[in-house]
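Listed here are the chains, written in short residue letters.
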Amino acid sequence: MKVGQRLFLSVVPAVLGLFFVAALAYWGRYARTAPELVIVLAAVAALASLVVAWRNTSYVAHRVQRLAGHSWRTNGESIASRQHALRELGIVDELDDIEATVAGLSDAIVRARVDAARHEHEAVERAQEGEALLQAVSARFAVRAQEAQLPLHILLSSPFGELNENQEEMLGAAMSAVNAIDADVRELRKLVQLNRGELSIESQPMNFAELLRPTLAIAAARAEAAQVQLRAMTADAIPRVIVDAVQAQEALTSLLTDAIAHTEKGGDVDVDADEIEPSRVRITIAHRPVLAATDTAVSLEMRLARRLLEAQGCTIEVTGSSTMIGLPAESASQVER
């Protein structure tokens with residue numbers, strides 16, 4: 001039976017009772033006597049209205065309560081068997097269809113959540129396994145690179161005789177390649193350790209000028225070799241920044257040298273630093289003209305630099321030819337304490 005039919009049956013006795021009340025009002029006037037049949041029918045209609053309304057209302061309320069509660073979640077098979085038995089008897093209850101649909105949807109949601117949790121667990125396991133594999137492989141690569149560096153260094157020093165120009169050039173290229181591999185492997189190992197939380201980072205207050213001094217020294221040498229003009233301008237009275245000095249200097253050096261490497265010969269690289277908030281210092285690295293890059297992929301060195309800064313509560317934003325780094329700094333209240 002449909003919900004609308006049940007509600008209609010709940011209203012019909014009340015409508016009939018209204019007509020009987022009107023009839024009683026008509027025959028209840030002075031000198032008129034209401035027929036006994038009308039009185040009996042009115043009483044029966046009132047009682048029937050009460051019983052039907054109560055049963056239908058309680059039935060609908062009970063079914064709605066079951067839909068809103070959790071009782072139907074544990075007896076999905078009983079719902080299906082009950083619905084099948086009623087259909088065989090020719091009784092169709094719309095609430096049974098609604099309840100079965102809701103039960104099916106709930107089961108689908110539960111299965112989806114279980115599958116999502118299982119996939120997430122498997123993804124975490126695969127990520128951990130991949131990180132462990134990368135760490136093991138990078139450790140082996142580092143050992144192999146060191147083993148190759150020693151004989152190449154000995155050959156370049158030529159203790160067994162003079163090398164011709166071609167031999168020296170080939171050995172120098174091999175040595176440069178091995179050194180590059182060794183640097184990449186070290187960066188990869190550090191990135192894996194950072195992702196796994198194995199890299200120790202201790203942020204402490206540090207003078208801003210002391211933080212930038214080694215970075216600018218290295219960048220100046222790179223800029224001179226690349227024929228690029230490097231200018232550094234810092235505001236006066238910049239508060240101390242709260243960073244891990246070693247990790248922050250490594251990341252800033254990578255960002256600055258990358259900007260120099262992507263600047264055309266004769267171009268400019270500007271480094272500006274200023275306090276933008278009471279507890280924030282911003283470093284802006286701008287370079288122009290930008291060297292046309294053939295490879296737009298983010299290098300491993302840049303990924304490591306970004307992750308090192310983010311691990312210290314820093315922010316990094318790249319817009320065109322500018323890179324802005326936000327460093328946490330001491331506020332006035334911290335200095336007073």
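Below, the structure is looked at part by part. Fair warning: this is a prediction, and the values are worked out from it, not measured in the lab.

Procedures and definitions
- Per chain, residue numbering runs from 1 following the sequence as it is written.
- Given that the model is predicted, a residue must reach a pLDDT of at least 70 before its local features are reported, and side-chain atom pairs must reach 80 or more before they are shown or counted; all residues, however, enter totals for whole chains, interfaces and linings.
- Computation of side-chain values covers all heavy atoms of the structure but excludes hydrogens and water.
- Nonpolar core, defined: a set of buried Ala, Val, Leu, Ile, Met, Phe, Trp, Tyr and Cys residues in which side-chain atoms within 4.5 Å join the residues together.
- Exposed residues in this analysis have more than 50% of their type's maximum accessible area, buried residues have under 20%, and partly exposed residues fall in between, with area computed by a 1.4 Å probe over protein chains only.
- Numbering of helices and strands runs from the N terminus, with a helix taken as a DSSP run of H or I at least four residues long and a strand as a DSSP run of E at least two residues long.
- Two residues form a contact once any of their heavy atoms are found within 4.5 Å.
- Any two strands with at least two DSSP bridges between them are considered paired.
- An axis is simply a line fitted to the C-alpha atoms; with a helix, the fit covers only the stretch in contact. Between two such axes, the angle follows the N-to-C directions and lies from 0 to 180 degrees.
- Put simply, angles under 35 degrees are roughly parallel, angles over 145 are roughly antiparallel, angles from 65 to 115 are roughly perpendicular, and the rest are oblique.
- Helix crossings are classified by the rotation of the near helix relative to the far one: an anticlockwise turn of less than a right angle makes the crossing left-handed, while a clockwise turn makes it right-handed.
- The rule for a salt bridge is simple: a side-chain nitrogen of Lys or Arg has to be within 4 Å of a carboxyl oxygen of Asp or Glu.
- Residues are grouped as follows: Ala, Val, Leu, Ile, Met, Phe, Trp, Tyr, Cys and Pro are nonpolar; Asp, Glu, Lys and Arg are charged; every other residue, Gly included, is polar.

### A look at the nonpolar core
And step 1. Core analysis: the biggest nonpolar cluster contains 37 residues, and F208, I283, I325 and L327 have the highest contact counts within it.
And step 2. Where this core is concerned, the elements lending two or more residues are α5 (165-195), α6 (208-225), β3 (241-243), α7 (245-261), β4 (263-277), β5 (280-290), α8 (300-311) and β7 (322-328).
And step 3. Per element, the largest residue contribution to this core is seven residues, and it comes from α7.
And step 4. The contact partners of L327, leaving out residues within four places of it in the chain, are F208, L211, V241, V243, S279, R280, V281, I283 and C314.
And step 5. Counting five residues, the second-largest nonpolar core is a separate cluster that includes A145, L152, M175 and V178.

### Focus on the side chain of T253
And step 1. Looking at the secondary structure, you find T253 in helix α7.
And step 2. Dropping the residues within four chain positions of it, T253 is found in contact with T215 and I218.

### Observations concerning the environment of S138
And step 1. Take S138: it is sitting in helix α4 (residues 94-157).
And step 2. The buried category is assigned to S138, whose relative accessible area is 1%.
And step 3. Placed 46 residues apart in sequence, S138 and D184 show a C-alpha to C-alpha distance of 9.1 Å.
And step 4. Filtering out sequence-adjacent residues up to four positions away, S138 remains in contact with V185, L188 and R189.

### Quick word on the pairing of β5
Moving residue by residue along a regular strand, the side chains alternate between the two faces of the sheet.
And step 1. Relative to β5, β4 is paired through ten bridges, and the arrangement is antiparallel. Counterpart to V269 in the pairing with β5 is H287.
And step 2. Connecting β4 to the antiparallel partner β5 that follows it, the hairpin turn spans two residues.
And step 3. In terms of strand pairing, β5 meets β7 through seven bridges, oriented antiparallel. By the bridge assignment, V281 is partnered in β7 with L327.

### What about the packing of α7 against α8?
And step 1. Relative to each other, α7 and α8 sit at 140°, their axes nearing to 9 Å. When the axis of α7 is compared with that of α8, the two are oblique. Here the hand of the crossing between α7 and α8 comes out left-handed. Packed against α7, whose contacting residues are Q247, E250, A251, S254, L255, T257 and D258, the element α8 presents E301, M302, L304, A305, L308 and L309 at the interface.

### Regarding the pattern of salt bridges
And step 1. Scanning all chains against the criterion turns up seven salt bridges.
And step 2. Here R118 makes a salt bridge to E122, at a shortest N to O gap of 3.5 Å. Taken together, the residues R118 and E122, both in helix α4 and four residues apart, mark about one turn of the helix.
And step 3. The exposure class assigned to E122 is partly exposed, which follows from its relative accessible area of 29%.
And step 4. Between R231 and D268 there is a salt bridge whose closest N-O contact spans 3.7 Å. Of this pair, R231 sits in strand β2 (residues 229-234) while D268 sits in strand β4, placing them 37 residues apart in sequence.
And step 5. Here the residues in one salt-bridge network are R231, D268, D270 and R288, joined through shared partners.

### Quick word on the packing of α5 against α8
And step 1. For the pair α5 and α8, interaxial distance at closest approach is 10 Å and the crossing angle is 35°. As α5 packs across α8, the resulting crossing turns out to be left-handed. Residues D184, E187, L188, K190, L191, L194 and N195 of α5 form the contact with α8, whose participating residues are L300, E301, R303, L304, R307, L308 and A311.
And step 2. Split into classes, the residues belonging to the contact of α5 with α8 amount to seven nonpolar, one polar and six charged.

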